[in-house]
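The primary structure of each chain is shown beneath.
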Amino acid sequence: MLNDEIEKIWQNSNKFEVVEFDKAELQGELNKNLQYFDRLVKRRNIRENIGAALVMILSGAGLFIFNSLLSQIGMIIGVLYGALVIIMLWKTKQKRPLAYGLPTIEFLKKYRDYLAGERNLASNVIYWYLAPPYVACLLFFIGEEISIIHLAINLLGILALYSFIFFRNKKGVKKTFNPLIEKVDQAISELTIETDHI
Amino acid sequence: MEKELESIFIETLERNKDRIYRICCSYTTEREDPRDLYQDVVLNLWKSIPSFRHESSIDTWLYRITVNICLRARNTYINKNKFFVKLESIHFRKPEEPSVVSEENELYQKLFEAIKKLDETYKSIILLHLEGLSHKSIGEILCLSENHVAVRIKRAKSRLLILMKS
């Protein structure tokens, strides 16, 4: 029936709105927006790193304040933890798929890697984000010989917060990342498998 | 050099603006606004200018980025509404007079609905084909051989016809 008419119908359609812009005005607005987004990204990066840097500074200072060996080990873990968070955030940013100019299959593969990286970050949150400060706190509390009741209250409080973060991330991995990665994988295989058959 | 490229880009965008918008419309669901996606595409195109290496024509490059951004938009976990930029200088005007007769309008509606139902890769290929791009250009955009593009177009058209009849 329509085989040859499809293009004609599509191109002659009046269903779509017509796009209009003033070239000079658009150029100015795009430059302005780009600068705005650059600033936004820089501020976000600074905000993210400030938290980790503060942990490093406070833990570093704690090394000289507290005398107990266990507390000092806790502080060293704190310093290492701050550095680890900064590295993990930096590594994730490196994987962001900004290269939109790549051919689509390559772009999709890079995008898949990026999503897989984000998923790993979320599913391993207990190891790189939650466990180190928990251990550091535990060592600090024992080192400072706080009472068993205070120790239990503090650790249970932290544990409750961590459980919330852990299960929220686990849900995100299951409900968001896995289906998305499956979809991208499917798109990649649709393009590549049929390429191999020809 | 970059200023020169920026002017070429604006000219290319002007030439292809409606085609890009049609592609965006085909990638948005009823709950999404194609105008948001269009503006996101334009901003990302602008951001990507420094990466243009003259390895393909600027038109091909522009479509490649458009398809990639549309595919990313369909497969993202980020709350898109939070990040979409509003470009005040871009206006969307409803067409004033119908340029096609009602029978064609009906066919068009069926075609549009059928395209939306295609899976994303078929959709990319058929949209680029409907916008008049050569097999070679489509191949360059998607990283496929011309033969492969031809076969995929044929299959996509058969699927479209089945979907339009159903």
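Predicted, not measured: the structure shown is a model, and the values here were computed from it.

Chemist: Provide a residue-level description of helix H4 (residues 104–123) of chain A, including the pertinent values.
Modeler: In a regular helix each residue adds 1.5 Å, so 20 residues correspond to 28 Å; H4(A) covers 28 Å between its end C-alpha atoms and thus fits that length. Residues of H4(A) that are buried: Thr104(A), Ile105(A), Phe107(A), Leu108(A), Tyr111(A), Tyr114(A), Leu115(A), Ala116(A), Gly117(A), Glu118(A), Leu121(A) and Ala122(A).

Chemist: Go over the packing of aromatic side chains, please, and point to the residues and values.
Modeler: Scanning the entire structure with this criterion turns up 17 aromatic pairs over all chains. Consider the rings of Tyr111(A) and Tyr114(A), whose centres lie 6.2 Å apart with planes at 25 degrees: the pair is stacked. With Tyr111(A) and Tyr114(A) both in helix H4, this residue pair falls three residues apart, about one helical turn. Across the pair, Tyr114(A) and Tyr111(A) agree in class, each one buried. Consider the rings of Phe140(A) and Phe141(A), whose centres lie 5.9 Å apart with planes at 55 degrees: the pair is tilted. With a relative accessible area of 21%, Phe140(A) lands in the partly exposed category. One aromatic cluster is present, built from ring pairs that chain together Tyr100(A), Phe107(A), Tyr111(A) and Tyr114(A). Lying across the ring of Tyr27(B), Lys123(B) places its NZ or CZ 4.9 Å from the centre. The aromatic ring of Tyr122(B) is capped on one face by Arg152(B), whose charged end is 3.9 Å from the ring centroid.

Chemist: Talk me through the pattern of salt bridges; I want residue IDs and the actual numbers.
Modeler: Counted under the stated rule, the structure contains 13 salt bridges over all chains. Note that Arg112(A) is salt-bridged to Asp185(A), the shortest N-O span being 2.6 Å. Of this pair, Arg112(A) sits in helix H4 while Asp185(A) is found in helix H6 (residues 148–197), placing the two residues 73 residues apart along the sequence. Looking at Arg112(A), the relative accessible area reads 22%, which means it is partly exposed. Judged by its relative accessible area of 30%, Asp185(A) is partly exposed. Between Lys136(B) and Glu140(B) there is a salt bridge whose closest N-O contact spans 3.5 Å. Of this pair, Lys136(B) and Glu140(B) both sit in helix H7 (residues 135–142), separated by four residues, roughly a single helical turn. Several salt bridges share partner residues, and in doing so they unite Glu17(A), Asp33(B) and Arg35(B) into one network.

Chemist: Would you mind going over the environment of Lys86(B) in detail, with residue names and values included?
Modeler: As for its position among the elements, Lys86(B) is in the loop between helix H4 (80–83) and strand E1 (90–93). As a C-alpha pair, Lys86(B) and Leu142(B) span 56 residues in sequence and 29 Å in three-dimensional space. In this structure Lys86(B) touches Glu29(A), Asp36(B) and Gln39(B), once residues within four positions along its chain are discounted.

Chemist: So what's going on with the side chain of Thr28(B)? Residues and values would help.
Modeler: Residue and element names in this part refer to chain B. Structurally, threonine 28 can be placed in the loop between helix H1 (2–27) and helix H2 (34–48). Here the side chain of threonine 28 touches cysteine 25 through a polar contact of 3.1 Å, landing on its backbone oxygen. Discounting chain neighbours no more than four positions away, the residues touching threonine 28 are Asp33, Pro34, Leu37, Arg74 and Lys116.

Chemist: Now, about the pairing of strand E1 (residues 18–21) of chain A: what can you tell me, with residues and values included?
Modeler: Across the two faces of E1(A) the burial differs, with Val19(A) and Phe21(A) buried and Val18(A) and Glu20(A) not buried at all. Pairing analysis gives four bridges linking E1(A) to E1(B), with the strands arranged antiparallel. Bridged to Glu20(A) within E1(B) is His91(B).

Scoring rules and cut-offs
- Residues numbered from 1 in each chain as written.
- Chains lettered and ligands numbered in written order.
- Predicted model: local features only at pLDDT ≥ 70, side-chain atom pairs only at ≥ 80, totals over all residues.
- Heavy atoms only, no water.
- Helix = DSSP H or I, 4+ residues; strand = E, 2+ residues; numbered from the N terminus.
- Expected span 1.5 Å × (residues − 1).
- Buried < 20%, exposed > 50% of the residue type's maximum accessible area, 1.4 Å probe, protein only.
- Phe/Tyr/Trp six-rings, centres within 6.5 Å; stacked < 30°, edge-to-face > 60°.
- Lys NZ or Arg CZ within 6 Å of the ring centre and 35° of its normal.
- Salt bridge = Lys/Arg side-chain N within 4 Å of Asp/Glu carboxyl O.
- Contact = heavy atoms within 4.5 Å.
- Polar contact = N/O pair within 3.5 Å; in protein donor to acceptor, adjacent residues only side chain to side chain.
- Pairing = 2+ DSSP bridges.

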